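A closer look at the structure
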Amino acid sequence: MSTETPLDLKKTVNLPRTRFAQQANLVQSEPARLKRWAEMDLYGKIRAARRNRPKFILHDGPPYANADIHIGTAMNKILKDFIVKSRTMMGYDAPFVPGYDCHGLPIELHVDRKLGEKKAKMSAVAFRRACREHASNALKRQTRDFQRLGVFGEWSNPYLTMSNEYEAETARLFARFVERGFVYRGARPVYWCIHDQTALAEAEVEYREHTSPSIYVKFPFADDPAKIAPELAGRKVFFLIWTTTPWTLPANLGIAVNPLFEYAAVEHGDDVYIVASELVETVAEKCGLNGARVIARFSGEKLDRLECRHPWIERRSLLMLGEHVTLGGEADAETELDVRASRDKKVTGKAGTGLVHTAPGHGHDDFVIGGRYGLEVYCPVDNAGRFTAEVEHFAGERVFDANPKIIELLRERGMLLFSEQYRHRYPHCWRCHNPVIFRATPQWFISLDRRARDLEDGASLREMALREVERVEWIPSWGRDRMRNTISGRPDWCVSRQRLWGVPIPAFYCRACGETVASPEIMRHVADIFERESADAWYAREAKDLLPEGFRCPKCGAADWSKESDILDVWFDSGSSSVAVLEKYPELRWPADVYLEGGDQFRGWFNSSLIVALAAHNAAPYRTVVAHGWVVDGEGRAMHKSLGNAISPNEVIQQSGAEVLRLWTASSDYHEDMRCSPEILQRVAESYRKLRNTARFALGNLHGFDPQRDSVSYEEMEEIDRWALAELNRVIERALEAYEHYEFHAVYHALHHYCTVTLSALYFDIIKDRLYTFAPRSRARRSAQTALYRIADALARLLAPILVFTADEIWENLPSSGDEQLPSIHLAEFPRIQRAEGEEELLQRWERLFGVRDQVLRALEEARQAKMIGSSLEARVRLRVGGALRELLERYRDQLRYIFIVSQVELEAGTEGELQVEVARALGQKCERCWNYSPRVGESERYPTVCERCVEALAEIEREGAA
RNA sequence: GGGCCUGUAGCUCAGUUGGUCAGAGCGCACGCCUGAUAAGCGUGAGGUCGGUAGUUCAAAUCUACCCAGGCCCA
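Here's a quick rundown of the structure. Every value quoted in this text rests on a predicted model; they were computed, and no experiment measured them.

A word on the sheet that holds strand β16 (residues 473–475)
Spatial ordering of the open sheet is given by β16-β24-β23, a layout of 3 strands whose pairing is parallel. Among the strands making up the open sheet, the edge pair consists of β16 and β23 (592–598). Direction aside, neighbouring strands of the sheet carry axes that sit 15° apart on average. Alignment of β23 against strand β24 (residues 622–628), held across 6 bridges, turns out to be parallel. Counted as the bridge partner of glutamate 597 is alanine 627 from β24.

Here is the structure:
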């Protein structure tokens, strides 16, 4: 029975309705959603939902707990979250335990500065407490920021490298290295302040102008000169070195030359001097060698392992080959203290001879090359910067005071060729501002080349590491090469730091006989104390209270001990994490499936983690290592606060929301450096809106649709809806594949392309007519909704790891599919591909139809430009074509007007292979209801302004309304 | 100076082993729609594939060098 009065046409159009707002208002909505998630313990629910599923472990590399997060830290955590969430949605149990790196110099320096003068009066324990507090505050702020980014994890129970358990485990792992014979104690040069009598880290020296003596010194050749060149037979040959630190000459053990340089023998009077060929003139001029002439030239290579005599001490000075030797400049200063600046400027010829005086106890390069040639790390200078008793002439003398006296001695012995004052930049102590020296002090090392005591094959750490590098999967694949090179080239690991804020090296020294006690058993005993009291115990307790009761010196039987004052390198701390975390948290397991960090960690955490894991388990702690690039500005340059090109993650969040930052992270290819700028973020925000609106259209048109009740079976669906599902399958496949391989930018592009091209511009535009104007419960409309539902559902799931907030919001606004609706999308799994028979052919057919559509659209645009039409519904299209295409079009004859979104389509015979498109005004009147044109508008008496389709639809609506 | 990496339209990215490979989306310009509306649709203009020189019948794709940039070292 029909209603008495005709319906209000406007109200019979099924326009979209949804609570899913067009404006995201992320800045407000994100925190609200985070709060809800926290209240419902979403992370706990996810864990419970995945119990007993196969595990997938991403192990978090701990950010340094010193300052607020920057965009790089944010990006890193977001990428990790992509991995964790996508693996979770693949069905894995993928717990995430975040960590923080809490010890180390930067924190100590920060606290130092904050305390100022007060530090001097503080006990070590009190100072450590201040450091602990600083780290604790920093990590709390970071935690808050990471959570704000929508990163899920065990935020209430992160791992801290300063926790009792972790410190204890760190000490135990060091004991493990000792036990297996990898640890030794040796000397190595460090920056040393003779005023404060302390070692300095690189960050604690500052460069200032300083005047040093610059001298050219003769080293008599002690071999047969004919070995160098026949012309030199029987001559008095001297090797000429240049230095600005005469006081290091007593420690000279060698001279380095560059094997790639050519050297010249220069005759002056009876003497012959050896200098680099390129510097002959400069040196001759500087040293006033009038009338000097070159009598021989030879390659530096020839000098290898020949010997000179020290200019005044009865000792050999070994000739060595080293490519660190340059043609002058500060790099030739044996202290190596100011090499960075000069090398960057590619300075040459300022001063120097091309031969470098080498004192392994007083310079870094000297130490390295000396090590290669088996020289002793000789450093006859004490803590106060005075020569020790063994130094002839200068014992007890302060090194800087000794400079002029050494020069005088050289002059007396005829070994000085030239001397002058020299201004240059020289490192000074940042606290007392006095010049520092480079001085070898005893340090603890982990040897990369000693053989493991307990292994049959006696492999070294280096060998084991190189073996493991081949077994690990590296993404990108060049990571393997980089890691291999890093490991092959790295020197022994100096794990000593002369600092307070860290895990002490648990070793003891017998005051009576000097014996060192560094046994694994004792170390584990100490570690147990750390476990109870934290490593502060090392400073709070007396040595005897750290040792087992009544422990006596195994050598002399005394019981008077001093404690080691060095702490472990922080890289040892974080390197311990695989064991200290993966094996301690019950939900985790060793080894991890994946590590993901910036490329700087090849030398850092990837490396230290590997070494520690080898000591602990003879294997790598990771199966896959993913390395990402750095965040750079819009021009590809590094970000610096001083350059003003840095982007603050918190600012982005406050302006646009975390989703935008997450989407930016997903949109860029992280395998390379990732550009970020206001313009780029602007683009990302726009693409966010597109994704959101696409979802909103689907949701709006699902109003009143109950998937259980109203879904149309596949066979009954309109073909274009089946096409949309086939396209959906393609996208699901591509996105899942990309997630599988950590290619998030491919996920982004696939989904974005699907939303903009496939859905928004094509499918949605076409089905609007059907959705809006067909009777709400008609099969044709339900068919479209069935597809829309599947699309919206899949889209939400696929977006969920990236757009954590928005996907959940979509989920919320999807019609409920019954009781099993999960309270959050993050408990759901990825969509499954529901492959239908004949899908490939279907896709191919429609691809051709849409090809025709493109041509029609071009023709429509021409008509529009010619003012013939405005809306495409004002058009009637005539197609002329022959052959196979004609047959295809014929088959879809009734569909074509909808596909083209025009009112009428005529198909006429034409020539094969050539499609002609003509556009004309549509016939008839515009239907008031569906806006299509039809000659039959007016046929209905009840609805005189409406077309025949609408008449039918209205009748159906009236029937339903009555029912 | 060494190791590793990068350089395709204004932006983000595709371009298997060299031969329709010069593409997509965004942005931009112009236009349409006003029933996804601080939305939606269409058409179009943009690139000597960082540069140079080679190899080749043929190179964005291979080689060398150079330039610009990034990370780690020295």
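This is not the end of the story, as more comes after the structure.
Examining the pairing of β24
Of all 7 residues that make up β24, 6 are buried, and the element is covered over most of its length. Relative to β24, β16 runs parallel, the two being bridged by 3 bridges. Among the inter-strand pairings, isoleucine 475 is bridged to a residue of β24, identified as valine 626. In the classification by handedness, the crossover that spans β23, the intervening helix α20 (residues 605–617) and the parallel β24 is right-handed.

Looking at the side chain of histidine 103
Looking at the secondary structure, you find histidine 103 in the loop between β1 (99–100) and α5 (105–115). A polar side-chain atom of histidine 103 sits 2.8 Å from a polar atom in the side chain of glutamate 167. Polar side-chain contacts of histidine 103 include one of 2.4 Å to the side chain of aspartate 573. Every residue in contact with histidine 103, bar those within four places of it in the chain, is listed here: Tyr64, Thr161, Met162, Glu167, Trp501, Gly502, Val503, Val570 and Asp573.

Describing the sheet that holds strand β14 (residues 416–429)
As a general point, the strands of a sheet are linked pairwise by backbone hydrogen bonds and lie either parallel or antiparallel. Strand order across the open sheet formed by 6 strands is β10-β8-β9-β6-β5-β14, with mixed pairing between neighbours. Among the strands making up the open sheet, the edge pair consists of β10 (293–299) and β14. Pairs of neighbouring strands in the sheet enclose a mean axial angle of 25°, with direction left out of account. The pairing of strand β8 (residues 262–268) with β10 spans 6 bridges and is antiparallel. In the sheet register, glutamate 267 faces β10, and the bridge partner there is arginine 293.

What about the protein's contact with RNA strand B?
For RNA strand B, the set of nearby residues contains 54 residues, the closest of which are Gly636, Asp669, Arg696, Arg929 and Trp931. Close to the protein, within 4 Å, the atoms of RNA strand B are drawn from sugar and phosphate at a rate of 81%. Within the contact set of RNA strand B, a sugar or linking oxygen lies 3.1 Å away from a side-chain nitrogen or oxygen of arginine 603. Side-chain polar atom of asparagine 693 to a sugar or linking oxygen of RNA strand B: 3.4 Å apart, as the coordinates give it. Across the surface near RNA strand B, the residue classes break down as 13 nonpolar, 16 polar and 25 charged.

Looking at the packing of aromatic side chains
Per the stated rule, a full pass over the model turns up 41 aromatic pairs. Both rings, one in phenylalanine 606 and one in tyrosine 622, keep their centres 6.5 Å apart while their planes meet at 80°; by these two values the pair is edge-to-face. You can see phenylalanine 606 sitting in helix α20 and its partner tyrosine 622 sitting in strand β24, a full 16 residues away along the chain. Neither phenylalanine 606 nor tyrosine 622 differs from the other in exposure class; each is buried. Three or more aromatic residues joined by ring pairs make a cluster, and in this case those are Trp474, Trp478, Tyr595, Phe602, Trp605, Phe606 and Tyr622. For the cation-ring pair, lysine 85 lies above phenylalanine 152, with the distance from its terminal atom to the ring centre recorded as 3.6 Å. For the cation-ring pair, arginine 439 lies above tryptophan 192, with the distance from its terminal atom to the ring centre recorded as 4.5 Å.

Structural notes on the packing of helix α26 (residues 744–773) against helix α27 (residues 779–799)
One way to put it is that α26 packs onto α27 with a least axis distance of 11 Å and a crossing angle of 160°. Taken together, the axes of α26 and α27 lie roughly antiparallel to each other. Our pair here, α26 against α27, has a crossing hand that is left-handed. Across the interface between the two elements, Leu751, Tyr754, Cys755, Leu759, Tyr763, Phe764, Ile767, Arg770 and Leu771 of α26 pack against Ala780, Arg781, Ser783, Ala784, Gln785, Ala787, Leu788, Ile791, Leu795, Leu798 and Leu799 of α27. When its residues are assigned to classes, the contact of α26 with α27 shows 16 nonpolar, 2 polar and 2 charged.

Focus: the nonpolar core
Counting 151 residues, the largest nonpolar core has Leu149, Trp664, Trp723, Tyr763 and Leu879 as its most contacted members. For tyrosine 763, the contacting residues outside a window of four places in its chain are Ile720, Asp721, Trp723, Ala724, Thr758, Ala784, Ala787 and Ile791. By size, the runner-up hydrophobic cluster in this structure holds 78 residues, among which are Trp192, Phe238, Phe261 and Tyr263.

Details of empty space enclosed by the protein
Empty space among the atoms becomes apparent when a probe as large as a water molecule is rolled across them. Summed over all chains, the structure comprises 3 cavities of 30 Å³ or more. In this structure, the largest cavity encloses a volume near 90 Å³. Contributing to the lining of the largest cavity are Tyr43, Ile46, Arg47, Val84, Lys85, Thr88, Met89, Ala94, Phe152 and His826. Counting only elements with at least two residues in the lining of the largest cavity, the list comes to α3 (42–49) and α4 (71–89). Tallying contributions element by element places α4 first for the lining of the largest cavity, with 4 residues. Broken down by class, the residue content of the lining of the largest cavity amounts to 6 nonpolar, 2 polar and 2 charged.

Structural notes on α3
Within α3, burial applies to Leu42, Tyr43, Ile46 and Arg47. For α3, the angular spread of the buried residues around the axis is 145°, confining them to a single face. In this structure, the buried residues of α3 make contact with α2 (26–39) and α4.

Let's talk about the pattern of salt bridges
Throughout the structure, instances matching the rule amount to 84 salt bridges. The shortest N-O distance in the salt bridge between aspartate 528 and arginine 172 comes to 3.0 Å. Of this pair, aspartate 528 sits in helix α15 (residues 520–533) while arginine 172 is found in helix α8 (residues 164–179), placing the two residues 356 residues apart along the sequence. Note that glutamate 397 and lysine 405 form a salt bridge whose closest N and O atoms lie 2.8 Å from each other.

Overview of unusual backbone geometry
Most of the time, phi is negative for any residue but glycine, and the peptide bond is trans. With an omega of -5°, the peptide bond running from isoleucine 475 to proline 476 counts as cis. Among the structural elements, proline 476 can be located in the loop between β16 and α14 (478–489). With an omega of -5°, the peptide bond between tryptophan 590 and proline 591 qualifies as cis. If you trace the backbone, proline 591 turns up in the loop between α19 (577–582) and β23. Here glutamine 197, not a glycine, exhibits a phi torsion of approximately 50°, which is positive. Inspection of the secondary structure puts glutamine 197 in the loop between β3 (183–193) and β4 (198–200). What makes glutamine 197 partly exposed here is its relative accessible area of 41%.

Thresholds, definitions, all that
Sequence order as written defines the numbering, with residues in each chain counted from 1. Throughout, the order in which chains and ligands are written sets their labels, letters from A for the former and numbers from 1 for the latter. The predicted origin of the model limits local features to residues at a pLDDT of at least 70 and limits the giving and counting of side-chain atom pairs to 80 or more, whereas totals for whole chains, interfaces and linings rest on all residues. Water and hydrogen atoms play no part in the side-chain values, which are based on all heavy atoms of the structure. Two strands pair if DSSP finds at least two bridges between them. Secondary structure elements are defined from DSSP: runs of H or I of at least 4 residues count as helices, runs of E of at least 2 residues count as strands, and each element is numbered from the N terminus. Angles here are taken between N-to-C directions and fall from 0 to 180 degrees, while the axes themselves are lines fitted to C-alpha atoms, restricted in helices to the stretch in contact. Burial classes follow relative accessibility: with a 1.4 Å probe on protein chains only, a residue under 20% of its type's maximum area counts as buried, one over 50% as exposed, and anything between as partly exposed. Handedness rule for crossovers: strands pointing away from the viewer, path from the first strand over the helix to the second running clockwise, crossover right-handed. Counted as a polar contact is a pair of N or O atoms within 3.5 Å, where, for protein atoms, one must be capable of donating a hydrogen and the other of accepting one, and residues adjacent in sequence contribute only when both atoms are in side chains. Should any heavy atoms of two residues lie within 4.5 Å, those residues are considered in contact. When we say a residue is near a molecule or strand, we mean one of its heavy atoms is within 4 Å of it. Each residue gets one label: Ala, Val, Leu, Ile, Met, Phe, Trp, Tyr, Cys and Pro are nonpolar, Asp, Glu, Lys and Arg are charged, and the others, such as Gly, are polar. Centres within 6.5 Å make a pair out of two Phe, Tyr or Trp rings, where for Trp the six-membered ring is used; the pair is then stacked when the planes are under 30 degrees apart, edge-to-face when over 60, and tilted otherwise. Put simply, a charge is over a ring when the Lys NZ or the Arg CZ is close to the ring centre, within 6 Å, and near the line of the ring normal, within 35 degrees. Here is the rule for angles: anything less than 35 degrees is roughly parallel, anything more than 145 is roughly antiparallel, 65 through 115 is roughly perpendicular, and the remaining ranges are oblique. By definition, turning the near helix anticlockwise from the far helix through less than a right angle yields a left-handed crossing, and turning it clockwise yields a right-handed one. For our purposes a nonpolar core is just a set of buried Ala, Val, Leu, Ile, Met, Phe, Trp, Tyr and Cys residues, chained together by side-chain atoms within 4.5 Å. Using a 1 Å grid laid over the protein atoms alone, points where a 1.4 Å probe fits but cannot get out form a cavity; open sets with protein on both sides within 12 Å along at least 5 of 7 lines form a pocket; any residue with an atom within 4 Å of a point counts as lining. Grid points are joined across faces, edges and corners, and a volume is the space filled by probe spheres set on the points. Comment: arc refers to directions from the helix axis out to C-beta atoms. Salt bridges are defined as contacts in which a side-chain nitrogen from Lys or Arg sits within 4 Å of a carboxyl oxygen from Asp or Glu.

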